[in-house]
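Structure assessment
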Amino acid sequence: MQQTLFIVILAVVIVFVLAYRWKKKAENKMGNMSLKYKSKQQIFFLTKADIVKMMSMVEIRIPIEYTLMGAFKQEAIRRENTISNFSI
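Residues numbered from 1 in each chain as written. Predicted model: local features only at pLDDT ≥ 70, side-chain atom pairs only at ≥ 80, totals over all residues. Heavy atoms only, no water.

When helices and strands are counted, the chain shows two helices and two strands. For the chain, the sequential pattern of α-helices and β-strands runs α-α-β-β. Taking all 88 residues of the chain together, 7% fall into the buried category. Within the chain, contacts between residues at least 6 apart in sequence are counted, and of these 21% link residues at least 24 apart. Accessible surface computed for the chain: about 8900 Å², of which carbon and sulfur atoms make up 65%. (Helix = DSSP H or I, 4+ residues; strand = E, 2+ residues; numbered from the N terminus. Buried < 20%, exposed > 50% of the residue type's maximum accessible area, 1.4 Å probe, protein only. Contact = heavy atoms within 4.5 Å. Areas by Shrake-Rupley, 256 points an atom, 1.4 Å probe, with all protein chains shown as cover.)

A few words on the confidence of the model for the chain. Parts of the model with low pLDDT should not have their predicted coordinates read in detail. Of all residues in the chain, 83% have pLDDT values of 70 or greater, and the mean over the chain is 78. No element of the chain has a lower mean pLDDT than helix α1 (residues 2–36), which averages 74, and none a higher one than helix α2 (residues 48–61), which averages 87. (pLDDT = per-residue confidence, 0-100.)

Moving on to a nonpolar patch on the surface. A contiguous nonpolar patch, built from F6, I7, L10, I14 and L18 and spanning about 500 Å² of accessible area, is present on the exposed surface. Residue class for I14 comes out partly exposed when judged on its relative accessible area of 44%. (Patch = residues over 30% accessible without salt bridge, like charges linked within 9 Å, V, L, I, M, F, W, Y side chains within 5 Å. Salt bridge = Lys/Arg side-chain N within 4 Å of Asp/Glu carboxyl O.)

Applying the stated rule across the entire model yields two salt bridges. The shortest N-O distance in the salt bridge between R79 and E65 comes to 3.5 Å. Pair noted here: R79 is in strand β2 (residues 79–80) and E65 is in the loop between α2 and β1 (66–67), with a separation of 14 residues, a long-range link. Owing to a relative accessible area of 47%, R79 belongs among the partly exposed residues under this scheme. Notably, a salt bridge pairs E80 with R78, separated by 3.5 Å at the nearest N-O pair. A relative accessible area of 31% means that R78 is categorised as partly exposed.

This part is about the side chain of E59. In this structure, E59 sits in helix α2. With no salt bridge to any partner, buried E59 finds its closest opposite charge in R78, at an N-O distance of 12 Å. Within polar-contact distance, the side chain of E59 engages the backbone nitrogen of I83 at 2.9 Å. In contact with E59, other than residues within four places in its own chain, are I64, Y66, N81, T82 and I83. (Lys, Arg positive; Asp, Glu negative; His and termini not counted. Polar contact = N/O pair within 3.5 Å; in protein donor to acceptor, adjacent residues only side chain to side chain.)

Take the side chain of E80 next. Position of E80 among the secondary structure elements: in strand β2. In this structure the side chain of E80 is engaged in a polar contact, spanning 3.1 Å, whose partner is the side chain of N85.

The structure is reproduced here in structure tokens:
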């Protein structure tokens, strides 16, 4: 009886150790993949005031035409030369 109990406990310990090692190996593999395939995408947050200020500086140097896009009831296409004219 004691020998059977010892074997069962030993088997459970071995399973837990192997599961822990497998989990760590998988985490390391995923960590290495994330380092290998880093995204070049940059995500940032701007308010409308930030965008208007930044684009106004660009508009001074480069002529830009803005076109409002979307599904609208009127057929007229709205175009502006400066972003500050759009009231979105």
